Amino acid sequence: MTPMTGDNMQPHSTVQVMGIDAGGTMTDTFFVRSDGRFVVGKAQSNPGDESLAIYNSSEDALAHWERTVDDVYPELLTCVYSGTAMLNRILMRKGLDVGLICNRGFEQIHSMGRALQSYLGYALEDRIHLNTHRYDEPLVPVSRTRGVTERTDVQGKVVIPLREEEVRQATRELVEAKSQAIVICLLQSHKNESSEQRARDIVQDELAKLKVDVPVFASVDYYPSRKESHRMNTTILEAYGAEPSRQTLKKVSDRFKKHGAKFDLRVMATHGGTISWKAKELARTIVSGPIGGVIGSKLLGEALGDENIACSDIGGTSFDVALITKGNFAIKSDPDMARLVLSLPLVAMDSVGAGAGSFVRLDPYSKSIKLGPDSAGYRVGTCWPESGLDTVTVSDCHVVLGYLNPENFLGGAIKLDVARARQHIKAQIADPLGLSVEDAAAGVIELLDLTLSEYLRANISAKGYNPAEFTCFSYGGAGPVHTYGYTGGVGFKDVVVPAWAAGFSAFGCACADFEYRYDKSVDLGVAQFAPDGSKETACRILQEAWSELAVKVIEEFRANGFDARDVVLIPGYKMQYMGQLNDLEIVSPVATASSAEDWDRIVDAFENTYGRVYASSARSPELGFSITGAILRGMVVTQKPVLPEDPDAGPTPPREAYLGVRPFYRHKTWMDAALWKMESLKAGNHIVGPAIIESDATTFVVPGGFETTIDKHRLFHLKEVK
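None of the values given here were measured: they were computed from a predicted structure.

Student: So what about the overall build of the protein chain? Which residues, and what values?
Tutor: When helices and strands are counted, the protein chain shows 17 helices and 36 strands. A compact globule built from 722 residues should have a C-alpha radius of gyration of about 27 Å, and the protein chain, at 27 Å, falls within 12% of that. Counting only C-alpha atoms and orienting by the principal axes, one finds that the protein chain spans roughly 80 × 55 × 55 Å. Here the protein chain, with 722 residues, has 59% of them falling under the buried criterion. When contacts within the protein chain are restricted to residue pairs at least 6 apart in sequence, those whose partners lie at least 24 apart make up 68%. Within the protein chain, one finds 76 positive and 92 negative side-chain charges whose respective centroids are separated by 3 Å.

Student: Describe in detail the UniProt feature "domain: Acetophenone carboxylase-like C-terminal" (unreviewed entry) in the protein chain, supporting the description with residues and values.
Tutor: Residues annotated by UniProt as "domain: Acetophenone carboxylase-like C-terminal" (unreviewed entry) correspond here to residues 531-721. End-to-end, the C-alpha atoms of residues 531-721 are 62 Å apart, and along that stretch the chain is 24% helix and 35% strand.

Student: I'd like to hear about the packing of helix α13 (residues 437-461) against helix α14 (residues 479-487), residue by residue, with values.
Tutor: Where α13 meets α14, the closest approach of the two axes is 8 Å, and the angle between their N-to-C directions is 65°. For the pair α13 and α14, the crossing hand works out as right-handed. Of the residues in α14, those touching α13 at I445, L448, D449, L452, S453 and L456 are H482, Y484, G485 and Y486. Its residues assigned to classes, the contact of α13 with α14 shows six nonpolar, three polar and one charged.

Student: Any chance you could break down the packing of aromatic side chains for me, citing the residues and the numbers?
Tutor: Using the criterion set out here, one finds 30 aromatic pairs in the structure. For the pair W500 and F507, a centre-to-centre distance of 5.3 Å together with 70° between the ring planes defines the contact as edge-to-face. The pair formed by W500 and F507 is uniform in burial state, with each residue classed as buried. For the pair Y577 and F606, a centre-to-centre distance of 5.0 Å together with 70° between the ring planes defines the contact as edge-to-face. Here Y577, found in strand β27 (residues 568-577), pairs with F606, found in helix α17 (residues 596-613); they are 29 residues apart in sequence, far enough to count as distant. Here R266 stacks its cationic end above the ring of F514, 4.9 Å away from the centre of that ring. One residue, R284, lies across the ring of Y518, its end atom 5.8 Å from the ring centre.

Student: Go over the pairing of strand β23 (residues 369-375) with me, naming the residues and quoting the values.
Tutor: Relative to β23, strand β22 (residues 358-362) runs antiparallel, the two being bridged by four bridges. The partner of S358 across the bridge, within β23, is S375.

Student: Would you mind going over the pattern of salt bridges in detail, with residue names and values included?
Tutor: Here the structure, examined in full by the defined rule, presents 42 salt bridges. Across the pair D205 and R168 runs a salt bridge whose closest N-O atoms are separated by 2.9 Å. Of this pair, D205 sits in helix α7 (residues 194-210) while R168 is found in helix α6 (residues 164-176), placing the two residues 37 residues apart along the sequence. Taking the relative accessible area as the measure of exposure, R168 reaches 16% and is therefore buried. Here D201 and R200 are joined by a salt bridge, their closest N and O atoms 3.1 Å apart. What makes D201 partly exposed here is its relative accessible area of 35%. A residue is classified by how much of its surface remains accessible, and R200, at 18% relative accessible area, is buried.

Student: I'd love a proper account of α14, names of residues and values included.
Tutor: Summarising burial for α14: eight of the nine residues are buried, a large majority. Burial in α14 covers these residues: G479, P480, V481, H482, T483, Y484, Y486 and T487. One or two positions beyond α14, positive phi appears at G489, with a value near 85°.

Student: Would you mind going over the sheet that holds strand β7 (residues 145-148) in detail, with residue names and values included?
Tutor: Pairing within the open sheet is parallel, and its four strands lie in the order β7-β6-β10-β11. A single partner strand is all that each edge strand has here, and the edge strands are β7 and β11 (216-218). Ignoring which end each strand starts from, the neighbouring axes of this sheet average 20° apart. Bridge analysis of strand β6 (residues 98-103) against strand β10 (residues 181-184) gives four bridges, and the strand direction is parallel. Bridge pairing in β10 places G99 opposite I182. Where α6 meets the sheet, its contacts fall on β6, β7 and β10, and the angle it forms with β7 comes to roughly 175°.

Student: Before we move on, can you summarise the packing of helix α12 (residues 418-433) against α13 with the specific residues and values?
Tutor: Axis separation between α12 and α13 bottoms out at 9 Å; the angle between their running directions is 75°. Comparing their axes, α13 and α12 come out roughly perpendicular. Facing R422, I425, K426, I429 and A430 of α12, the residues of α13 in contact are V437, E438, A440 and A441.

Student: How would you explain the nonpolar core if you had to name every residue and give the values?
Tutor: With 157 residues, the main nonpolar core has F31, F256 and W500 as its most contacted residues. The biggest single contributor to this core is α13, with 10 residues. Dropping the residues within four chain positions of it, F256 is found in contact with M18, I20, I54, Y73, C79, A261, F263 and L265. Residues W546, V590, A593 and V636 belong to the second largest nonpolar core, which totals 38 residues.

Student: Describe the side chain of H271, and please don't skip the residues or the numbers.
Tutor: Mapped onto the fold, H271 is located in the loop between β12 (266-268) and β13 (274-276). The class for H271 is buried, based on a relative accessible area of 5%. H271 has contacts with R284, F329, I331, P345, V347, E515 and R517, leaving out every residue within four places of it along the chain.

Student: Residue-level account of the pairing of strand β31 (residues 669-677), with values.
Tutor: Here strand β30 (residues 658-666) pairs with β31 via eight bridges, running antiparallel. Each residue of the ladder has a partner; that of V661, found in β31, is A674. As consecutive antiparallel partners, β30 and β31 are separated by two residues, and within that stretch H667 has a phi angle of approximately 55°, a positive value. Sheet analysis places β31 next to strand β33 (residues 691-694), joined by four bridges and oriented parallel. Note on β33: the bridge partner recorded for L675 is I692.

Student: Go over the environment of L340, please, and point to the residues and values.
Tutor: With respect to the helices and strands, L340 occurs in strand β19 (residues 340-341). The buried category is assigned to L340, whose relative accessible area is 5%. Aside from chain neighbours lying at most four places away, what touches L340 is I90, Q117, L120, L139, N233, L237 and P335.

Student: Hey, could you go over the domain arrangement of the protein chain for me, with residue numbers and the actual values?
Tutor: In terms of domains, the protein chain is made up of domain 1 (15-89 + 245-285), domain 2 (94-237), domain 3 (307-492), domain 4 (514-636) and domain 5 (655-720). For domain 2 and domain 3, the distance between their C-alpha centroids amounts to 38 Å. In this complex, domain 2 contributes 21 residues to the contact, which on the side of domain 3 involves nine residues. A buried area of about 1200 Å², summed over both sides, lies between domain 2 and domain 3, and 57% of it is on carbon and sulfur atoms. When the buried area of domain 2 at its contact with domain 3 is split by residue, Q117, L120 and H230 rank highest and sum to 40% of it. The interface formed by domain 2 and domain 3 holds two salt bridges in total. The partner of K227 in a salt bridge is D334, and the shortest N-O contact between them spans 2.9 Å. Our count for the domain 2 to domain 3 interface comes out at eight residue pairs in polar contact (both at pLDDT 80 or more).

Parameters and conventions
Residues numbered from 1 in each chain as written. Predicted model: local features only at pLDDT ≥ 70, side-chain atom pairs only at ≥ 80, totals over all residues. Heavy atoms only, no water. Helix = DSSP H or I, 4+ residues; strand = E, 2+ residues; numbered from the N terminus. Rg over C-alpha atoms; globule rule 2.2 N^0.38 Å. Buried < 20%, exposed > 50% of the residue type's maximum accessible area, 1.4 Å probe, protein only. Contact = heavy atoms within 4.5 Å. Lys, Arg positive; Asp, Glu negative; His and termini not counted. Charge placed at Lys NZ, Arg CZ, Asp CG, Glu CD. UniProt positions renumbered as here; feature names shortened; annotations may be inferred. Axes fitted to C-alpha atoms, helices over the stretch in contact; angles between N-to-C directions. Left-handed = near helix turned anticlockwise from the far one by under 90°. Nonpolar A, V, L, I, M, F, W, Y, C, P; charged D, E, K, R; others polar. Phe/Tyr/Trp six-rings, centres within 6.5 Å; stacked < 30°, edge-to-face > 60°. Lys NZ or Arg CZ within 6 Å of the ring centre and 35° of its normal. Pairing = 2+ DSSP bridges. Salt bridge = Lys/Arg side-chain N within 4 Å of Asp/Glu carboxyl O. Parallel < 35°, antiparallel > 145°, perpendicular 65-115°, else oblique. Core = buried A, V, L, I, M, F, W, Y, C linked by side-chain atoms within 4.5 Å. Domains from an automatic or database assignment. Buried area = accessible area lost by both parts, 1.4 Å probe. Polar contact = N/O pair within 3.5 Å; in protein donor to acceptor, adjacent residues only side chain to side chain.

Following this line, the structure appears as structure tokens:
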């Protein structure tokens, strides 16, 4: 546990907010009191029962306040969950047996996918050699796919009416094939939904006649957007992965209620807001943990007055990077996830499969060290005797080099065996390379740090930015161990490590708005100097789309007990210059659109954003303007964390924070690193490396040549000593 305060629990200070990050390795919980103080808990993840891991992590956190879940859960006003269960279900192909109804002649479209799906996630050498490409198993096999006669053209005109008897026959066949859900996705339904909605009604009618209870998912009801493969994949995902995940979330919710909780569990969504676990479009939560960190970074950036932030999150399995520029993060409209192209708004992030739990192997031919992409997950490494592993992980190297305290991992919940880690590193890495165990382990860490540093630097430079303009936030359970390694020499304006780094994504979830978002494809083209009539027509079409989406948003909030007047509606749109391929997402400068003046303001907002994202000189108004999508977000006010503001205690740490020294290996030398207890350090304390700052949940390494100061918000600022 990582308490953020040394004071005792005050009788009047109730616990109000909880955030959860159920990762592949660890499950973090984050609790906030009414006085703004918070605490982080940590426990090993439990893929078989996430609710139990959340319970254990909660007990770990609340023990500092000498309280239990039975005391605290009934007090909570809000709780936000994020996790990887749905993504893992997709990756492992363990979803429902879904049946698919599409246009006749297009039965293979899902199996074929977009061509880029054959090389998504591949390294450069595998992308350029065609013989290394492969398609994953489709979520829906051709044997459970049925085509029906219907055709709507690109303008939305029904050219061939739906053959209704074929839909009934397809339904009967899919039921016989033991389909557990049925998805309907017809061409151009985002332009004209009538055929797909009729097919949906027929399927439901036929299922009723057969007395079969099978859920039906029509793409137009969920993701009415252009790009057929993206729309089909996302709707299938809703049936294949989201519905089983809903059962997981129900189990989590039920355990909360068992201990007296009264709140409605919310889940972090891909667009950066939170939705109820009962929400219709649950596929929007396919990836949620890393997004919480971006939301938390935005809040901290506002507190520090930093508009440009590089977010870096290292867990046991991956390194996730996102950029916040001018106080805003980017949203991808058509992202890829689990090697599938999707129609989901997703906070723009880049990931590489390298983390503290990554397996370390030698290439049998080149004898070079290979990291990941697979990981030990919650089993840590060979240093944990009960892990059942015999392959070296990055964590084994940490233990051997003195980075981690083998007696205090997870607060001593599990004990690590240094000798066992040395034995495996020696046999698998050191002896084959002719190195000492320490140099082999140090080489692994240096390789990982270099990989992460280059990846982070490339993400900033490739977008045309200078690292000197950015503050880097480093978090995640393994972030503080590697911060110096991947930020050193990059030239950031500042490097910040939150004292609650291990639970930072859970903190970010607690910071997120309760927000629903719906999107709809539209197709509007207006010339640069169009007459007012054309501009007014474009505004009318856009406003009609917003009004349609507003009904969906308000329905979701009503299902969660909110009245329409509680909901703040925020319209937006996706726009591009006509003829260009990529659009930008813009928050509308007008609440409603009706006049030529409204259109001009809509265009100005797009051009200002375009000049910021690319360059002012790249703007091309002479091409005309095209709106490709309408967006409507709705939010309600919720309780959020308040950052602590501790009094300055001066640069000298208190005596009780000093724990002694521990041997620490770096640059081919063993040296003594001063040990400090993170929870006992005060605002203003200054520490010069070599030092190791420990908490039960994470370890912050400050090697020689670095120094750190903790500020009033309990944020460590790491600097290289010149």
